[in-house]
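# Overview (structure and organization)
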Amino acid sequence: MRLLDAEAIATALTPSVAADLLESELHAGLDPEADPPRSVLPAAAGELLVMPSTAGAVGVKLATVAPANPARGLPRIQGAYVLFDPGTLAPVAVLDAAALTAVRTAAVSALAVRFLAAHDASRLLVWGTGPQAWAHVEAVAAELFAAAQAHGLLGHEAKSVSSGSRSPRTISRSPSTQAMPRASARTRACGLIACAASTPAHSRIAGSRRMRSR
């Protein structure tokens, strides 16, 4: 059985590769809504999330959310994804769930940018400061770079972003304590906005139920 840590996942799945694979699977008929609903179980230190999947591949993601962990110098979200052979149902790999989630979630957003963004969109605003926020910066920057390259619009800004594709800290970020009027002005100047902020579990569940009931 293979063990894939965060570094191995980042090496194998660059933002562009992840978006391409996701696009291919969706075109092939992958329907994420066909999977069973996730379970959110309370734990003394936070929550345990159980997310099974049998749509094509067979696997289950086990993730924990521990709100007090950052104060201890530990990640707020941790977990493991167990992949099974679809024919024998034998376990074949265990992957770092947090790293896999960061790649997959950002790839969904990058794919949306690929098909839905305005052709002249060049600025991205990300609300959030954690791993998901930086994953979105990397993934969307890679998508914008590819689009600019394809249309012969590769300027100095795109080149500077591409040179640090695996190091998003080369891109400037605004202080989280900036005044709201300034933040609002910057928001209006951006063609792309991604929200990568934490949401309480009860809000996630209620929102999911409302969407499913429509």
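Preceding block: the structure.
Quick notes on the rules
- Residues numbered from 1 in each chain as written.
- Predicted model: local features only at pLDDT ≥ 70, side-chain atom pairs only at ≥ 80, totals over all residues.
- Heavy atoms only, no water.
- Pairing = 2+ DSSP bridges.
- Helix = DSSP H or I, 4+ residues; strand = E, 2+ residues; numbered from the N terminus.
- Polar contact = N/O pair within 3.5 Å; in protein donor to acceptor, adjacent residues only side chain to side chain.
- Patch = residues over 30% accessible without salt bridge, like charges linked within 9 Å, V, L, I, M, F, W, Y side chains within 5 Å.
- Areas by Shrake-Rupley, 256 points an atom, 1.4 Å probe, with all protein chains shown as cover.
- Salt bridge = Lys/Arg side-chain N within 4 Å of Asp/Glu carboxyl O.
- Buried < 20%, exposed > 50% of the residue type's maximum accessible area, 1.4 Å probe, protein only.
- Expected span 1.5 Å × (residues − 1).
- Axes fitted to C-alpha atoms, helices over the stretch in contact; angles between N-to-C directions.
- Parallel < 35°, antiparallel > 145°, perpendicular 65-115°, else oblique.
- Contact = heavy atoms within 4.5 Å.

## Here's the deal with the pairing of strand 5 (residues 77-84)
- For strand 4 (residues 58-65) and strand 5, the ladder comprises 8 bridges, and the chain directions are antiparallel. From the neighbouring strand, Thr64 faces strand 5, where its bridge partner is Gln78.
- Bridge analysis of strand 5 against strand 6 (residues 91-96) gives 5 bridges, and the strand direction is antiparallel. Bridge assignment links Ala80 to a residue of strand 6, and that residue is Asp96.
- Linking two consecutive strands that pair antiparallel, namely strand 5 and strand 6, is a turn of 6 residues; a positive phi of about 60 degrees is found at Leu89 within it.

## Focus on the environment of Asp35
- Position of Asp35 among the secondary structure elements: in the loop between helix 2 (15-27) and strand 2 (39-43).
- Note: C-alpha distance between Asp35 and Gly56 (21 residues apart in sequence) is 9.8 Å.
- A polar contact is formed between the side chain of Asp35 and the backbone nitrogen of Thr54, at a distance of 3.1 Å.

## Observations regarding a nonpolar patch on the surface
- Nonpolar side chains collect at one region of the surface, where Leu41, Leu48 and Leu62 lie side by side and expose about 210 Å² of accessible area between them.
- By the secondary structure assignment, Leu48 is in strand 3 (residues 46-53).
- Leu48 gets classed as partly exposed once you look at its relative accessible area, which sits at 31%.

## Focus on the environment of Thr129
- Within the secondary structure layout, Thr129 lies in the loop between strand 7 (124-127) and helix 4 (131-150).
- Thr129 gets classed as exposed once you look at its relative accessible area, which sits at 65%.
- Spatially, the C-alpha atoms of Thr129 and Ala197 are 7.6 Å apart, while their sequence positions differ by 68 residues.

## Concerning helix 3 (residues 97-116)
- With 20 residues, helix 3 should reach 28 Å at 1.5 Å per residue; the first-to-last C-alpha distance of 28 Å fits that figure.
- Burial in helix 3 covers these residues: Ala97, Ala99, Leu100, Ala102, Val103, Ala106, Ala107, Ala110, Leu111 and Val113.
- Here helix 3 starts with a cap whose side-chain oxygen sits 3.1 Å from the backbone nitrogen of Ala98, and that cap is Asp96.

## Regarding the packing of helix 2 against helix 4
- Where helix 2 contacts helix 4, the axes come no closer than 8 Å and their chain directions differ by 80 degrees. Viewed along their axes, helix 2 and helix 4 adopt a mutual orientation that is roughly perpendicular. Facing Pro15, Ser16 and Ala19 of helix 2, the residues of helix 4 in contact are Glu138, Ala139, Ala142 and Glu143.

## What about the pattern of salt bridges?
- Counted under the stated rule, the structure contains 3 salt bridges.
- Here Arg114 and Glu23 are joined by a salt bridge, their closest N and O atoms 2.5 Å apart. Linking Arg114 in helix 3 with Glu23 in helix 2, this pair joins segments that are 91 residues apart in sequence.
- Judged by relative accessible area, Arg114 falls into the partly exposed class, the value being 28%.
- Between Arg114 and Glu143 there is a salt bridge whose closest N-O contact spans 2.8 Å.

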